[in-house]
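Residue-level structure breakdown
What follows is each chain in one-letter form.
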Amino acid sequence: MKLSIVVALSSAAISHAWAPVSNRSFRQATSLNAASIWYSTSTGNTETIAGYIAEASGLSANDIGDATADEISGADALIVGAPTW
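A short tour of the structure in this document, coming up. (Residues numbered from 1 in each chain as written. Predicted model: local features only at pLDDT ≥ 70, side-chain atom pairs only at ≥ 80, totals over all residues. Heavy atoms only, no water.)

Re the pairing of strand 1 (residues 35-39)
Consecutive side chains of a regular strand alternate in pointing toward one face of the sheet and then the other. Cut-off, in case you're wondering: For every residue, the accessible area obtained with a 1.4 Å probe (protein chains only) is divided by the maximum for its type, and the residue is called buried under 20%, exposed over 50%, and partly exposed between those limits. In DSSP terms, a helix is any run of H or I states spanning at least four residues, a strand is any run of E spanning at least two, and both are numbered starting from the N terminus. Pairs of strands are assigned from DSSP output, requiring at least two bridges between the strands.
Counting buried positions along strand 1 gives five out of five residues, so the element sits mostly inside the fold. In strand 1, alternate side chains face the same way, and those of A35, I37 and Y39 on one face and S36 and W38 on the other are all buried. Pairing between strand 1 and strand 3 (residues 77-81): five bridges, direction parallel. Looking across to strand 3, one finds that Y39 is bridged to G81.

Focus: the side chain of S36
This is how it is decided: Residue contacts are counted whenever heavy atoms from the two residues lie within 4.5 Å of one another.
By the secondary structure assignment, S36 is in strand 1. Judged by its relative accessible area of 12%, S36 is buried. Excluding residues within four positions of it along the chain, S36 makes contact with A75, A77, L78 and I79.

Quick word on a negative patch on the surface
So the rule is basically this: Patches draw on residues past 30% relative accessible area with no salt bridge. Two like charges within 9 Å are joined, as are two nonpolar side chains (Val, Leu, Ile, Met, Phe, Trp, Tyr) within 5 Å. Here the Shrake-Rupley method, with its probe set to 1.4 Å, supplies the accessible areas, and only the displayed protein chains count as covering residues. Salt bridges are defined by distance alone: a side-chain nitrogen of Lys or Arg within 4 Å of a carboxyl oxygen of Asp or Glu. His is not counted here, nor are the chain ends, while Lys and Arg score as positive and Asp and Glu score as negative. By convention, charge coordinates are those of NZ in Lys, CZ in Arg, CG in Asp, or CD in Glu.
On the surface, a cluster of negative charge is contributed by E47, D63, D66, D70 and E71. Here E47 shows up in helix 2 (residues 45-57).

Structural notes on the environment of T43
The condition is simple: Here a polar contact is recorded for every N or O atom pair within 3.5 Å, except that within protein the pair must consist of a potential hydrogen donor and a potential acceptor, and residues adjacent in sequence are included only if both atoms are side-chain atoms.
The residue T43 is located in the loop between strand 1 and helix 2 in this model. Each C-alpha atom, one on T43 and one on P83, is 8.4 Å from the other, the two residues being 40 residues apart in sequence. Only 3.3 Å separates the side chain of T43 from the side chain of N45, close enough to count as a polar contact.

Side note on the environment of V80
Topologically, V80 is positioned in strand 3. You can call V80 exposed: its relative accessible area is 61%. Separated by 41 residues in sequence, V80 and Y39 have C-alpha atoms that sit 5.5 Å apart.

Description of the sheet that holds strand 3
Just so we agree on the cut-off: To get an axis, a line is fitted to the C-alpha atoms, and for a helix only the part in contact is used. The angle between two axes follows their N-to-C directions and goes from 0 to 180 degrees.
Strand order in this open sheet of three strands is 2-1-3, and the pairing throughout is parallel. Either end of the sheet is taken by a strand with one partner, and the two such strands are strand 2 (61-63) and strand 3. Going from strand to strand, the sheet's axes swing by 30° on average, the running direction of each strand aside. Bridge analysis of strand 1 against strand 2 gives three bridges, and the strand direction is parallel. Across the sheet, the residue bridging to W38 is N62, located in strand 2.

In structure tokens, the structure reads:
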């Protein structure tokens, strides 16, 4: 009798340990919300790749020549592309 009670209680504890927790709040924002993409290009290849990254991340690609100091310093993360000639 005691053994069956112990087995029943341990089974209940184990099954509850794997149950999903419903009171967790999930993040609505990611670090990409405060990121910006900047590029410089000579032949257009870096601009193309910046466009691919922008499309995948949901951000916009910006030419670094059009940037202001406030735009650069205001971002929490920078994704920067430059030609390597």
